[in-house]
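Here are the chains, one letter per residue:
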Amino acid sequence: MKSIAAALLIWINANSGYEYLGEPPKVVKTDPEALAYLLLGEVWIIPERAKRGLMGLYDVETRTIWLRDNFDPNNYKDRSHLVHELVHFLQYEGQRGDGLVNQSDFESEAYAIQNRFLRAHDLPPIKRTTVPDLTR
Ligand SMILES: [Zn+2]
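Model, not experiment: these values are computed from the prediction. (Residues numbered from 1 in each chain as written. Predicted model: local features only at pLDDT ≥ 70, side-chain atom pairs only at ≥ 80, totals over all residues.)

(A) Layout of the overall build of the protein. Helices and strands together make up the secondary structure of the protein, namely five helices and three strands. Along the chain direction, N to C, the helices and strands of the protein fall in the order α-β-α-α-β-β-α-α. Here the analysis covers contacts within the protein between residues at least 6 apart in sequence; of these, 60% occur between residues at least 24 apart. (Helix = DSSP H or I, 4+ residues; strand = E, 2+ residues; numbered from the N terminus. Contact = placed C-beta atoms within 7 Å.)

What follows is the structure, given as structure tokens:
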């Protein structure tokens with residue numbers, strides 16, 4: 001997983017304003033229940049639909065990207081979710097100083113670069129999830 005993350009970081013560097021040359025973050029796969037727990041930090045009743053939409057998240061404190069256990073590294077749509085989380089990693093690593101400050105800006109940029117990646121591989125863009133609190 002680390003070599004895929006490293007390759008995708010090179011792609012992001014070449015296709016965005018980022019210039020990150022350091023180590024990639026840790027990337028770990030886990031089940032949807034654990035992802036929801038990591039995201040919310042407590043036990044919540046989460047609608048199945050929302051849980052299915054939860055593809056990954058970046059944990060700033062441990063510098064770890066968590067992905068769904070069904071993540072397929074050979075699938076470019078799945079890879080795009082890793083691109084999305086890598087953008088969050090770069091945002092928190094402070095690799096650009098152009099005034100991106102709030103969570104909403106972070107999400108917009110992560111989706112924009114994810115969709116650029118999908119377009120580059122002739123795949124349709126993904127829509128921002130309709131459950132905003134579950135979209136880290
Ligand atoms: Zn996000």
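Further notes follow.
(B) Expanded view of the nonpolar core. Membership of the largest hydrophobic core comes to 22 residues, with the highest contact counts inside it found for Leu 8, Ile 12, Ile 65, Leu 82, Val 83, Leu 86 and Val 87. Of all the elements in the fold, those that place two or more residues in this core are helix 1 (2-14), strand 2 (56-59), strand 3 (64-68), helix 4 (76-93) and helix 5 (103-120). No other element matches the six residues that helix 4 contributes to this core. Those residues in contact with Ile 65, other than ones at most four positions away along the chain, are Pro 25, Lys 26, Val 27, Gly 56, Tyr 58, Leu 82, Glu 85, Leu 86 and Phe 89. (Core = buried A, V, L, I, M, F, W, Y, C linked by C-beta atoms within 7 Å. Buried ≥ 20, exposed ≤ 12 C-beta atoms within 10 Å, placed from the backbone.)

(C) Up close: the sheet that holds strand 2. Read across the open sheet, the three strands follow the order 1-3-2; overall the sheet is mixed. With one partner strand each, in any of the chains shown, strand 1 (26-30) and strand 2 form the two edges of the open sheet. Between one strand and the next, the sheet's axes are offset by a mean angle of 20°, whatever the strand orientation. In terms of strand pairing, strand 2 meets strand 3 through four bridges, oriented antiparallel. By the bridge assignment for strand 3, Asp 59 is matched with Thr 64. Against the sheet, helix 4 touches strand 2 and strand 3, its axis set at about 20° to strand 2. (Pairing = 2+ DSSP bridges. Axes fitted to C-alpha atoms, helices over the stretch in contact; angles between N-to-C directions.)

(D) Expanded view of unusual backbone geometry. Positioned with a positive phi, Arg 63 is a non-glycine residue whose angle comes to about 50°. Within the secondary structure layout, Arg 63 lies in the loop between strand 2 and strand 3. Take Arg 63: there are 14 C-beta atoms within 10 Å of it, and that puts it in the partly exposed class. Phi at Asp 122 takes a positive value of approximately 55°, unusual for a residue other than glycine.

(E) Geometry of the environment of Ile 4. On the secondary structure map, Ile 4 appears in helix 1. For Ile 4, a count of 16 C-beta atoms within 10 Å gives the class partly exposed. Once the C-alpha coordinates of Ile 4 and Leu 82 are considered, the two residues, 78 residues apart in sequence, prove to be 9.0 Å apart. Once residues lying within four places of it in the same chain are set aside, the contact partners of Ile 4 are Pro 73 and Leu 82.

(F) Representation of the packing of helix 1 against helix 4. Their axes nearest at 10 Å, the elements helix 1 and helix 4 cross at an angle of 70°. By the angle between their axes, helix 1 is roughly perpendicular relative to helix 4. Residues Ile 4, Ala 5, Leu 8, Leu 9 and Ile 12 of helix 1 form the contact with helix 4, whose participating residues are Arg 79, Leu 82, Val 83, Leu 86, Val 87 and Leu 90. Taken together, the residues of the contact of helix 1 with helix 4 sort by class into ten nonpolar, no polar and one charged. (Parallel < 35°, antiparallel > 145°, perpendicular 65-115°, else oblique. Nonpolar A, V, L, I, M, F, W, Y, C, P; charged D, E, K, R; others polar.)

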